[in-house]
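Listed below are the residues making up each chain.
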Amino acid sequence: APESAFFGFAKEVHETSNALTDDQKLIARFWSDDAMLTPTPAGHWISIVMQIADRDSLPVEVIAPTLAKLGVAQADAFISCWSTKFKYTLLRPVTYIKRHIDKAWEPLLITPPFPEYTSGHSCQSGAASTVLTAIFGEGFAFYDATHEDEGLPVRSFPSFEAAAEEAAISRLYGGIHFRFGNEAGLTQGRAVGAIAAALKTEA
């Protein structure tokens, strides 16, 4: 029904997709991190850590526990997310939009072949940003040159949380997630990340 809340979320994806700015298209592609073509979503955050390590000349005593907690957070975030996906098995925007709004519509990014809710990128980004904020602190600014070799410009962020939020909204820009899937994914990931951040990595 056009007056339903779900229709409204789908309409937002459709309207946003049809009016994307160049920067929004760049954001969607920057965080796409497709398997076998890029470092993947988890690898993207590992890349961020290694760039910070190089920039700040971090000692191995800092790098090792950081990567350990980050790895645990991302693994558990994906387990949690995929459990949710196959509990609710929610259809993707492309399916709903083509069926009820615009038969000719195509998203900017290729839709993955698994359920929508929650967003995997958002979930693992929420987990990663929570762990890294616990280690490096609030308002830790950094740059991200992960995709520079692929011709995408370096992006800078005032905090890990800002990067996670951009990663989440990128999935709306790409046309492959509803807003609520992204927002719930961030919340889910932050909860997982908080547990990983509290792990003891030293005797």
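Since this is a predicted model, take the numbers as computed values, not measurements. (Residues numbered from 1 in each chain as written. Predicted model: local features only at pLDDT ≥ 70, side-chain atom pairs only at ≥ 80, totals over all residues. Heavy atoms only, no water.)

**Some details on the packing of helix 6 (residues 120-136) against helix 8 (residues 179-197)**
What counts here: Between N-to-C directions, angles span 0 to 180 degrees; the directions come from axes that are lines fitted to C-alpha atoms, helices contributing only their stretch in contact. Each helix is a run of H or I in the DSSP string that is no shorter than four residues. Each strand is a run of E no shorter than two, and both are numbered from the N terminus. An angle below 35 degrees is treated as roughly parallel, one above 145 as roughly antiparallel, one from 65 to 115 as roughly perpendicular, and anything else as oblique. By the definition used in this description, the sense in which the near helix is turned from the far one sets the handedness, with an anticlockwise turn below a right angle giving left-handed and a clockwise turn giving right-handed. Throughout, a residue-residue contact means that at least one pair of heavy atoms, one from each residue, lies within 4.5 Å. Gly is placed with the polar residues, together with every amino acid not listed as nonpolar (Ala, Val, Leu, Ile, Met, Phe, Trp, Tyr, Cys and Pro) or charged (Asp, Glu, Lys and Arg).
The N-to-C vectors of helix 6 and helix 8 enclose an angle of 40°; their axes lie 6 Å apart at closest approach. One finds that helix 6 runs oblique with respect to helix 8. Of the two possible hands of crossing, helix 6 and helix 8 adopt the one that is right-handed. Residue-level inspection shows S122, C123, G126, A127, T130, V131 and A134 of helix 6 in contact with helix 8, the latter providing N182, G185, L186, Q188, G189, R190, G193, A194, A196 and A197. For the contact of helix 6 with helix 8, the residue count by class is 8 nonpolar, 8 polar and 1 charged.

**A look at the pattern of salt bridges**
Defined as follows: Between Lys or Arg on one side and Asp or Glu on the other, a salt bridge is scored when a side-chain nitrogen of the former is within 4 Å of a carboxyl oxygen of the latter. Exposure classes here rest on a 1.4 Å probe applied to the protein chains alone. A residue is buried below 20% of its type maximum, exposed above 50%, and partly exposed in between.
Inspection of the entire model under this criterion finds 8 salt bridges. Between D56 and R55 there is a salt bridge; the shortest N-O distance is 2.8 Å. The partner of E161 in a salt bridge is R190, and the shortest N-O contact between them spans 2.1 Å. Placement of E161 in helix 7 (residues 160-173) and of R190 in helix 8 is noted, with a sequence separation of 29 residues between them. Residue classification places R190 among the partly exposed residues on the basis of a relative accessible area of 27%. Look at the salt bridges and you will find they share partners, linking D23, R155 and E166 into a network.

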